[in-house]
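Listed below, chain by chain, are the residues.
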Amino acid sequence: VKATYSYSILPVILLIWLTSKTEPLLKKTFPKSLTDNLYPMVVLLSMSTLGILLVGPAATLISNGIVNGLVWLTEHAGFLAWPLLAGTSICFIMTGTGLLMDALAITQLGSFGIENGIMAAFCLLNMALAAGDFALALRRKNTELASRAWSCGITALLVRVAEPSVFGICLK
């Protein structure tokens, strides 16, 4: 698999995660006398090699699979693709992988000059979350919850940060 690294952040995220898991194991097996001088270079060389040979192609396959799925969705679902993606994108936010969708949108913009509605779907999601927060703020008599709902709604609507709304209001 030919891996392209331009406009791609997924390989970096996967390589950092892999390094965080393998570095402690490598440190246990490395001689103590060489730890200060040689250990950082060994970690850098081994992780770079692993990144070029395994992580880059794997991330390219994952990114291409997600992008192809989004292309299929936009081609076959038409205008319903964005609401479908917006409805399921809450799962990306809850699992902490929402930024991967941003990375995919940037990859699409860099590679094709257009993205398939990822940002539009997240915009729809944020508007829906903000509307829910504002409705809760208007209906609740509890001033602490209402003020938190106002704050989360404004954050979701203006800043495009949905986590406070999801975890602070919707999942409570």
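Above this note sits the structure.
Residues numbered from 1 in each chain as written. Predicted model: local features only at pLDDT ≥ 70, side-chain atom pairs only at ≥ 80, totals over all residues. Heavy atoms only, no water.

A. Seen up close, the overall build of the protein. Helix and strand counts for the protein come out as seven helices and zero strands. Secondary structure elements of the protein occur, N-terminal to C-terminal, as α-α-α-α-α-α-α. Taking 16 Å as the expected radius of gyration for a compact globule of 172 residues, we find that the protein reaches 21 Å, considerably beyond that expectation. With the C-alpha coordinates aligned to their principal axes, the bounding extent of the protein is approximately 65 × 45 × 20 Å. Within the protein, the fraction of its 172 residues that count as buried is 32%. (Helix = DSSP H or I, 4+ residues; strand = E, 2+ residues; numbered from the N terminus. Rg over C-alpha atoms; globule rule 2.2 N^0.38 Å. Buried < 20%, exposed > 50% of the residue type's maximum accessible area, 1.4 Å probe, protein only.)

B. How the structure looks around the side chain of N126. Within the secondary structure layout, N126 lies in helix α5 (residues 118-139). Setting aside residues no more than four positions away along its own chain, N126 makes contact with A156, R160, V161 and A162. (Contact = heavy atoms within 4.5 Å.)

C. How the structure looks around the packing of aromatic side chains. Under the counting rule described, the total for this entry stands at two aromatic pairs. Relative to Y39, the ring of F30 lies with its centre 5.4 Å away and its plane at 65°, an arrangement referred to as edge-to-face. A relative accessible area of 6% places Y39 in the buried class. (Phe/Tyr/Trp six-rings, centres within 6.5 Å; stacked < 30°, edge-to-face > 60°.)

D. Spotlight on the environment of L104. If you trace the backbone, L104 turns up in helix α4 (residues 98-112). Overall, L104 belongs to the buried group, its relative accessible area being 4%. Sequence spacing of L104 and N126 is 22 residues, and the spatial spacing of their C-alpha atoms is 18 Å. Beyond its immediate chain neighbours, meaning those up to four positions away, L104 contacts S63, I66, V67 and I118.

E. Highlighting the packing of α5 against helix α7 (residues 163-170). Two elements in contact, α5 and α7, have axes separated by 10 Å at closest approach and are oriented at 40°. Between α5 and α7, the angle is such that the two are oblique. With respect to the hand of their crossing, α5 and α7 are arranged in left-handed fashion. Contacts between α5 and α7 involve L129, D133 and L136 on the former and, on the latter, S165, V166, I169 and C170. Residues belonging to the contact of α5 with α7 are distributed by class as follows: five nonpolar, one polar and one charged. (Axes fitted to C-alpha atoms, helices over the stretch in contact; angles between N-to-C directions. Parallel < 35°, antiparallel > 145°, perpendicular 65-115°, else oblique. Left-handed = near helix turned anticlockwise from the far one by under 90°. Nonpolar A, V, L, I, M, F, W, Y, C, P; charged D, E, K, R; others polar.)

F. Spatial organisation of the nonpolar core. In this structure, L85, I93, M101, I118, F122 and L125 are the most contacted members of the largest nonpolar core, which totals 15 residues. Every element with two or more residues in this core is listed here: α2 (39-77), α3 (81-94), α4 and α5. With five residues, the top contributor of residues to this core is α5. Look past the residues within four positions of L125 in its chain and what remains in contact with it is A86, S89, I90 and I93. In terms of nonpolar packing, the next biggest core, distinct from the first, is built from five residues, A137, L145, A149 and C152 among them. (Core = buried A, V, L, I, M, F, W, Y, C linked by side-chain atoms within 4.5 Å.)

G. Representation of helix α1 (residues 10-29) within the structure. A rise of 1.5 Å per residue sets the reference length of α1, with its 20 residues, at 28 Å; its end C-alpha atoms lie 29 Å apart and thus fit the reference within 8%. T22 marks where α1 bends most, by close to 30°; the proline P24 follows one to four residues later. (Expected span 1.5 Å × (residues − 1). Bend = angle between axes of the 7 residues up to and from the residue.)

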